[in-house]
Amino acid sequence: MDTGLDIENSAQLIAYLVETGWIDTAESASTTVLHGGVSNKTVLVERANGDDWVLKQALPKLRVQVDWFSPVERVHREALGLRWLERIAPPGTTTPLVFEDFDHHLIAMAAVPQPHENWKQQLLRGEVEPDHVEQFATLLGTIHREGARRRGELEPVFGDRGFFESLRLEPYFGFTASEVPEARRFLLDLIDETRAHIETLVHGDYSPKNILVHDDRLILLDHEVIHFGDPTFDLGFSMTHFLSKAHHLPERREQFVIANNAYWTRYRSMVADEPWADDLDARAVRKTLGVMLARVRGRSPLEYLDETERSRQADAIVTLMADPPGSIPELASAFIQHISGLE
Ligand SMILES: Nc1ncnc2c1ncn2[C@@H]1O[C@H](COP(=O)(O)OP(=O)(O)O)[C@@H](O)[C@H]1O
Ligand SMILES: [Mg+2]
């Protein structure tokens, strides 16, 4: 049942919270619509007792330029993610779930306290803090390592990969394969490879945009495509952000390459002894190439890259796909070399 509740409408939301007993009639709560996401309505509820919440309600149609639909049930996948990450991820790196409403397809979680800033904004200003990069690697390494070790509990919960297929594999790799003929074979093989590696808990949206920095600590948000699958997807997805910013901000290029390689090295050392980490280097290189191209030619291009930068990135990546570098640091330096040659 969906009674048409719109959480961005403050009066409706307060009435709903009172009716459902989550807040008291006498309590004065205020609501603020939060921006930054594209696939949910996200609202901050500030309560008199300071115990603030963020509510997310899934949108059936994403707020992007092209028509892009996705079932609203995915918000309940995020609730599962919140429940399990709280047990698996390092303490304080996720926000506890407060409640989940299956009728209205919404969830409530603890709000990250102010002051906080979205990590993407800091990075785009060229502020690359090595300690933040290390935390970003430790957080992912912990999720992947513990996720694989707890496979028996997690695979039954997160085994469905439907949202990952429709929100990641198709729009990133599948669509890009149809747009860039020279990369088609590489990307179709990458889809097969991703589907074949069912190894651990994968976040699926592991990006600086989904990180808030509070008190110099990183907090991870946005778990709606979390699933049991191929960990190198998270690696390719995240390193694409460091390398694309290295491209976009020439005066900070060296820092972003250093950050990328430090991230990789820290992550690699955390999972080195895990049985699934055998051929990690080659797989991480291929995923990074795939996502780097998808973020300039797929359905969800990086908005801070202009047309010239997108074309340059596509040229460099297509060239590298023909003979992929043997390691992540080699990929980073080869990419920068190609980019610099085209500037
Ligand atoms: N628990 C939270 N505390 C504070 N702000 C939050 C919280 N959850 C989300 N936000 C804010 O809302 C924005 C969108 O949330 P996100 O979970 O990324 O939604 P979407 O799935 O639409 O991308 C975030 O970038 C952040 O600014
Ligand atoms: Mg988000």
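It should be emphasised that the depicted structure is a prediction, and the values quoted were computed from it without experimental measurement.

Cut-offs and rules
Residues numbered from 1 in each chain as written. Chains lettered and ligands numbered in written order. Predicted model: local features only at pLDDT ≥ 70, side-chain atom pairs only at ≥ 80, totals over all residues. Heavy atoms only, no water. Near = heavy atom within 4 Å. Polar contact = N/O pair within 3.5 Å; in protein donor to acceptor, adjacent residues only side chain to side chain. Areas by Shrake-Rupley, 256 points an atom, 1.4 Å probe, with all protein chains shown as cover. Helix = DSSP H or I, 4+ residues; strand = E, 2+ residues; numbered from the N terminus. Nonpolar A, V, L, I, M, F, W, Y, C, P; charged D, E, K, R; others polar. Domains from an automatic or database assignment. Contact = heavy atoms within 4.5 Å. Buried area = accessible area lost by both parts, 1.4 Å probe. Salt bridge = Lys/Arg side-chain N within 4 Å of Asp/Glu carboxyl O. Pairing = 2+ DSSP bridges. Axes fitted to C-alpha atoms, helices over the stretch in contact; angles between N-to-C directions. Buried < 20%, exposed > 50% of the residue type's maximum accessible area, 1.4 Å probe, protein only.

**Side note on the site of ligand 1**
The full set close to ligand 1 counts 20 residues, and Asn40, Lys56, Val112, Asn210 and Asp222 are the nearest of them. Within the side chain of Asn40, an N or O atom sits 2.8 Å from an oxygen atom of ligand 1. Asp222 is positioned with one of its side-chain polar atoms (N or O) 2.8 Å from an oxygen atom of ligand 1. Coverage of ligand 1 by the protein amounts to 92% of the 550 Å² it exposes when considered alone. Looking at the shell around ligand 1, the elements with two or more residues in it are strand 2 (40–46), strand 3 (53–58) and strand 5 (106–110). Split by residue class, the shell around ligand 1 holds nine nonpolar, nine polar and two charged. Taken domain by domain, the makeup of the shell around ligand 1 includes at least three residues from each of domain 1 (10–110) and domain 2 (117–342).

**Section: the domain arrangement of the protein chain**
When cut into domains, the protein chain gives domain 1 (10–110) and domain 2 (117–342). Computed over C-alpha atoms only, the centres of domain 1 and domain 2 are separated by 26 Å. With 25 residues of domain 1 at the contact, the number on the domain 2 side is 28 residues. Both sides together, the interface formed by domain 1 and domain 2 hides about 2300 Å², and carbon and sulfur atoms give 68% of it. On the domain 1 side of the contact with domain 2, Trp68, Arg77 and Ile88 bury the most area, a combined 31% of that side's loss. Counting across the domain 1 and domain 2 interface gives three salt bridges. One salt bridge in this structure joins Asp160 and Arg77, with 3.8 Å as the shortest N-O distance. Across the contact surface, domain 1 and domain 2 share nine residue pairs in polar contact (both at pLDDT 80 or more). It is helix 2 (residues 74–88) that provides the largest number of residues to the side of domain 1 that touches domain 2, a total of ten residues. Residue classes in the side of domain 1 that touches domain 2 are distributed as ten nonpolar, nine polar and six charged.

**Overview of the sheet that holds strand 1 (residues 30–34)**
Taken together, five strands build an open sheet; the order of strands is 1-2-3-5-4 and the sheet is antiparallel. At either end of the open sheet lies a strand with only one pairing partner, and these are strand 1 and strand 4 (97–101). Ignoring which end each strand starts from, the neighbouring axes of this sheet average 20° apart. Strand direction decides the pairing type here: strand 1 and strand 2, joined by five bridges, are antiparallel. Opposite Leu34, over in strand 2, you have Thr42 as the bridge partner. Packing of helix 2 onto the sheet brings it into contact with strand 2, strand 3, strand 4 and strand 5, and relative to strand 5 it is tilted by some 25°.

**Side note on unusual backbone geometry**
A cis amide bond links Gln114 with the next residue in sequence, Pro115, at an omega value of -5°. Locating Pro115 in the fold gives a position in the loop between strand 5 and strand 6 (117–118). In this structure, His105 is a non-glycine residue whose phi angle is positive, near 50°. Of note, Asp215 is a non-glycine position whose phi angle comes to about 55°, a positive value. By relative accessible area, which is 65% here, Asp215 ends up exposed.

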